[in-house]
Amino acid sequence: MGSSNTNKRIAPRKEVSPVHVSYVTSLDDFAKIAKNCEIVEASATGLLLLIKREDLIPTALRKNLTLDVLIGDRVFMHLDDMNLEISGVIRRTQLLGKKGFYVAIDYSEEAPEYWRECLMDLLPTPGELD
C-alpha cells in the first residue's frame, strides 16, 4: 500500500477549449441544476464544468457558498455543439469566488471505455478552433 495508491485518477486530464453545455439536470427528479455552463477540462473518466453562479437554476444553490449538497447526485448534461447527452455522478465541487464553481462529474460508469476515449479525441484543445 504505497502512497501512489491514494490518487485514484487513472486517465490523464486534457484542458479543452470550452465546450458549451446547455443544461445539467438531476437524474433523480429531473430538476434542472444549471444552464449555459462549460466543460473546461476532461479525461476519459470525468469532466470538469465551470458553472457561473447566475447560471445555477435553484435559488438555494445560487445563494450558497458551496455546492457540496450535489456531491453524489446522478446528472445528465446536453452538449449542444456535439448534439450529445452525457450522464454521470457529481464527485466534487469547488468555489472559485466571483467566477462561480467547478463541478467534477465522473461519467466512467455510464459509458463504455472506447466511447469515452473517442470523446476525448473529439474534444477541442485550446486554440484548436481559432
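Preceding this section is the structure that the text describes.
The following refers to the structure shown. These numbers come from a predicted model, not from an experiment.

Thresholds, definitions, all that
- Residues numbered from 1 in each chain as written.
- Predicted model: local features only at pLDDT ≥ 70, side-chain atom pairs only at ≥ 80, totals over all residues.
- Heavy atoms only, no water.
- Helix = DSSP H or I, 4+ residues; strand = E, 2+ residues; numbered from the N terminus.
- Rg over C-alpha atoms; globule rule 2.2 N^0.38 Å.
- Areas by Shrake-Rupley, 256 points an atom, 1.4 Å probe, with all protein chains shown as cover.
- Lys, Arg positive; Asp, Glu negative; His and termini not counted.
- Charge placed at Lys NZ, Arg CZ, Asp CG, Glu CD.
- Salt bridge = Lys/Arg side-chain N within 4 Å of Asp/Glu carboxyl O.
- Buried < 20%, exposed > 50% of the residue type's maximum accessible area, 1.4 Å probe, protein only.
- Pairing = 2+ DSSP bridges.
- Axes fitted to C-alpha atoms, helices over the stretch in contact; angles between N-to-C directions.
- Contact = heavy atoms within 4.5 Å.

### Things to note about the overall build of the protein
- Looking only at helices and strands, one finds two helices and six strands in the protein.
- In the protein, the order of α-helices and β-strands from amino to carboxyl end is β-β-β-α-β-β-β-α.
- Radius of gyration (C-alpha) of the protein: 15 Å, near the 14 Å computed for a compact globule of 130 residues.
- When the backbone C-alpha atoms are referred to their principal axes, the protein occupies close to 45 × 40 × 30 Å.
- Carbon and sulfur atoms make up 51% of the accessible area of the protein, which amounts to about 7,700 Å² in all.
- Distance between charge centres in the protein, computed from 16 positive and 20 negative side chains, equals 8 Å.

### Regarding the pattern of salt bridges
- Overall, the coordinates contain four salt bridges when judged by the stated rule.
- Residue Arg-13 pairs with Glu-41 through a salt bridge whose shortest N-O separation is 3.2 Å. One end of the pair, Arg-13, is in the segment before β1 (14-26); the other, Glu-41, is in strand β2 (residues 32-42), and 28 residues separate them in sequence.
- We classify Arg-13 as partly exposed; its relative accessible area is 42%.
- In this structure, Asp-55 and Lys-35 form a salt bridge, with 3.7 Å as the shortest nitrogen-oxygen distance.

### Concerning the sheet that holds strand β4 (residues 74-79)
- Ordered by their spatial adjacency, six strands build a closed barrel running β1-β2-β3-β6-β5-β4, and the pairing between neighbours is antiparallel. Sheet twist, expressed as the mean angle between neighbouring strand axes with direction ignored, is 45°.
- Direction of pairing for strand β3 (residues 46-51) relative to strand β6 (residues 101-106): antiparallel, over a ladder of six bridges. By the bridge assignment, Leu-50 is partnered in β6 with Tyr-102.
- Against the sheet, helix α2 (residues 113-122) makes contact with β1, β2 and β5 (84-95), and its axis sits at roughly 75° relative to β5, the strand it touches most.

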